[in-house]
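Chain by chain, the residues:
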Amino acid sequence: MYQIVQKEQFSENVVKLVVHAPRIARSRKPGHFIILRIDEKGERIPLTIAEANIEAGTITLVVQNVGVSSKRLCAMNVGDQILDLVGPLGKATHISEVGTVLACGGGVGIAPLLPIVEGFKKAGNRVVTVLAARTKELIILEKEIRQWSDEVIIMTDDGSYGTKGLVTQGAEEIIKREKVDECVTIGPAVMMKFVALLTQKYEIPTQASLNAIMVDGTGMCGACRASVGGQTKFTCIDGPEFNAHQIDFDELILRLGGYKAEEKQAWERANS
Amino acid sequence: MKEYLKIERDQEWRDQLRKKIKNKERTTQERVSMTSLDPMERIKYQDREVNLGLNMEQAQREASRCMDCVNPTCIEGCPVSINIPKFIKNIERGEVLEAAKTLKETSALPAVCGRVCPQEKQCEAQCFYTLKLKKEPVAIGYLERFAADFEQQSGAVSVPETAPKKQVKVAAIGSGPASLSFAGDMIKLGYDVTVFEALHEVGGVLKYGIPEFRLPNHVVDVELESLAKMGVKFERNFIVGRTASFDDLKAEGYQAFFVASGAGLPRFMNIPGENYNGILSSNEYLTRVNLMNAAKEEFDTPVLKGQNVAVIGGGNTAMDSVRTAKRLGAERAMIIYRRSREEMPARVEEVLHAEEEGIEFLNLNNPVEYFADENGRVSKMRVQRMELGEPDASGRRRPVVVEGSEYDIPVDVVVVAIGVSPNPLVPSELPELKVSRWGTIEVDPETMQSSKPELFAGGDIVRGGATVILAMGDGRKAAAGMHKYLSQKNETAAN
Ligand SMILES: Cc1cc2nc3c(=O)[nH]c(=O)nc-3n(C[C@H](O)[C@H](O)[C@H](O)COP(=O)(O)OP(=O)(O)OC[C@H]3O[C@@H](n4cnc5c(N)ncnc54)[C@H](O)[C@@H]3O)c2cc1C
Ligand SMILES: Cc1cc2nc3c(=O)[nH]c(=O)nc-3n(C[C@H](O)[C@H](O)[C@H](O)COP(=O)(O)OP(=O)(O)OC[C@H]3O[C@@H](n4cnc5c(N)ncnc54)[C@H](O)[C@@H]3O)c2cc1C
Ligand code: SF4
Ligand code: SF4
Ligand code: FES
């Protein structure tokens, strides 16, 4: 059992949970994720480790309510126990000193971006971060991101905060202004697709972190497969980060909808 | 071994039993047939066991067919050399608990093996009846299951004695049959044994792969409880190499490791359209249903229920998947296999059961491409007919494409069950470990010791996809090998 020791509501649909998991806190690196199951009947859902505290033996998760399981998780409180939690999973982000790094995060993708931004900054890079979301409430972790970025640009679809516009507009401005050596992007698949197209145009090496549908997370089922450079990869063990210019994002978007009908039924059952 | 068998056979009671019935009479009896649930009834349930088991009378009659041969060739067919006539004769004389004890001399999970061993290729293939009389063999598997179930149901499951505790910590990685038999032997020797499992449930393929209609969970649970009673510790949600490294565990006092992480990596065919929605590996399909209970409404995990389900392959995994599809309500549940029925690696009984359940067999067919609807969901598959050519290296006749024979089949779910590769998790964490070209861990076949002296390995991670009984045999060998290694090492350290 894994106890929730702290909870913070970032917005109506996004919460931060700090969970006691000392082993994972010690072994995790930026880019790693965990899989948890709330109770006997729950699904196994993947979530990025946003932060870890080795002394306290805790990891931080940022969860967006998008369906049945995430809703139940968001409703849990301090003192509640999560039945199963395994990790750290995935390959850690390759972090080195490259010069200037452009980090583009969208929506709940800002959470997994945080440890990566921190890692690049600590490795001695100049880090410029673009955060984007539909509206002001969905810009999360701004303070934490600022702590590890030389500059932060905020974009909202409705202009309720920062500049009105898409993440790619903010990113292109930077690219035109200064030399960018590497780009990382995490967010909705469509967003990452357009960031990838942009940086390809400017020939900037780019990593994207995929949020494929998963079951076991240990390479055993293949639910998480994605086409990268014409080859099938398993996101949970080969990723979750891949060279963004080689990812077949259209396939990823279709695969994310693979259980739509079943998810809708579950949603209706849960809310009836 | 020969000596031991002779001493056992010479026992008074066996001699008398042999004299009771003439061999002529024994050999004229018909082999018992297993009672099973009605096919049309059983396909409504994912978790009702198909075979119902023998009753006492059936078992004793079948046991009396066995002639208690001077040279019991059947034993040579069993990978763990169970003393087959001894256990069968115990059934014949009504000492079923003794029979169960005999099984446990060499096998850690007889209730499992009696159900899932490919007997027709192993013990029963070497029975005197098969070899010399050209008759149906003694039903060794059914009898094994009978004795093991009898013991489980009697509530008299004996907890084997364990040696005094040694305070020496060892770890088993993975919780499939190889690890369970290893843990059983090591705990008896007095070691402090912890089994680490990556998933949230213990049992490996026995739990997440093989469906309940073939191997009910409670059968496995009894064995797990008995190990726990003996003192084996289980750590779930723990991936050795990730949650903690081998070095971390060494620092915590673990002196040696048995890696039995299985062959969990599913293979795909890499043909066009294979990543469309609705096309999944048998591991994913079976895991959703068996481990995550996706077929039950009150559980959150979804599973795709198709009307036209095609399963690619001819092994046990393929049979389990296609029969699961039928139970989930498929109108058409098909096996697409590129060779003929003769070459199918699945247990013969499973193929028969599948046929009874209305599974269609499209043998000598091979998929070449998939097509999808506008949402990316598979809608049809193109297959090509095959014919059998010359035998290949495995001795099976090789399938050859019939040119221009392509045709399309409408499908909405496709399950790919063409085999698995070794789980790469452990080897990828230990770059110095010697692995083969196929990713299996290389070991000394006698001791199961790897290129790292404190690391032993067995089961599917060493053999590629193999069988439950071979995995268990490896676990026992590794326990013996590790015991010897640790005894020597700790002796040297003490001197
Ligand atoms: C490596 C990895 C790291 C992740 N990290 C985080 C994280 O830090 N915080 C977080 O909130 N989420 C994260 N996710 C996504 C998270 O796992 C899903 O949001 C969650 O599983 C949805 O479950 P559900 O039952 O609530 O929704 P469902 O009922 O399963 O789905 C509801 C809706 O969400 C969509 N959806 C389902 N799964 C995903 C997915 N994996 N990604 C995007 N959309 C999806 C569906 O298409 C559907 O429209 C991560 C995913 C991966 C693979
Ligand atoms: C659907 C199906 C049907 C089958 N039917 C039959 C049959 O009828 N008869 C038969 O004899 N055989 C059958 N087999 C084959 C048989 O199940 C396997 O040969 C056997 O289970 C192998 O045992 P194992 O102990 O090597 O590993 P497994 O049973 O594969 O267990 C390995 C375990 O290790 C865990 N693991 C992996 N890496 C780590 C790590 N780093 N840390 C912690 N845990 C880890 C995995 O999660 C898994 O649970 C079948 C297989 C399948 C998939
Ligand atoms: S363990 Fe398997 S091979 Fe050995 S006797 Fe039993 S059924 Fe036959
Ligand atoms: S070979 Fe057949 S008849 Fe002979 S001892 Fe073995 S099971 Fe009995
Ligand atoms: S989630 Fe099962 S293989 Fe990646």
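Residues numbered from 1 in each chain as written. Chains lettered and ligands numbered in written order. Predicted model: local features only at pLDDT ≥ 70, side-chain atom pairs only at ≥ 80, totals over all residues. Heavy atoms only, no water.

Caption draft 1: Structural context of the site of ligand 2. Residues and elements named next belong to chain B. If you check the shell around ligand 2, you find 35 residues, and the closest are Val116, Ala178, Glu197, Arg214 and Asp460. One of the backbone nitrogen or oxygen atoms of aspartate 460 is found 2.8 Å away from an oxygen atom of ligand 2. Note that an oxygen atom of ligand 2 is positioned 3.4 Å from one of the backbone N or O atoms of threonine 467. The dominant element in the shell around ligand 2, judged by the number of residues it contributes, is helix α17 (residues 316-327), at 3 residues. For the shell around ligand 2, the per-class residue count stands at 18 nonpolar, 12 polar and 5 charged. Each of domain 2 (169-264 + 422-494) and domain 3 (266-420) accounts for three or more of the residues forming the shell around ligand 2. (Near = heavy atom within 4 Å. Polar contact = N/O pair within 3.5 Å; in protein donor to acceptor, adjacent residues only side chain to side chain. Helix = DSSP H or I, 4+ residues; strand = E, 2+ residues; numbered from the N terminus. Nonpolar A, V, L, I, M, F, W, Y, C, P; charged D, E, K, R; others polar. Domains from an automatic or database assignment.)

Caption draft 2: Just the domain arrangement of chain A, in detail. All names here are of chain A. Partitioning chain A into structural domains gives domain 1 (2-89) and domain 2 (100-256). A straight line from the C-alpha centre of domain 1 to that of domain 2 covers 21 Å. The interface is formed by 17 residues belonging to domain 1 together with 18 residues belonging to domain 2. When domain 1 packs against domain 2, close to 1,500 Å² is buried across both sides, 69% of that on carbon and sulfur atoms. (Contact = heavy atoms within 4.5 Å. Buried area = accessible area lost by both parts, 1.4 Å probe.)

Caption draft 3: Just the interface of chain A and chain B, in detail. Opposite the 44 residues of chain A that make contact, chain B presents 41 residues. Interface area, chain A with chain B, both sides summed: about 3,600 Å², of which 53% is carbon and sulfur. For chain A, the biggest contributors to the area lost against chain B are A:Arg23, A:Met220 and A:Tyr259; these three give 20% of the whole. Linking chain A with chain B are 2 salt bridges, by the criterion used here. (Salt bridge = Lys/Arg side-chain N within 4 Å of Asp/Glu carboxyl O.)

Caption draft 4: Molecular detail of the UniProt feature "domain: Dihydroprymidine dehydrogenase" (unreviewed entry) in chain B. Following the UniProt record, the feature "domain: Dihydroprymidine dehydrogenase" (unreviewed entry) maps to residues 48-154 of chain B here. Structurally, residues 48-154 of chain B is divided into 56% helix and 0% strand, and its ends, taken at the C-alpha atoms, are 21 Å apart. (UniProt positions renumbered as here; feature names shortened; annotations may be inferred.)

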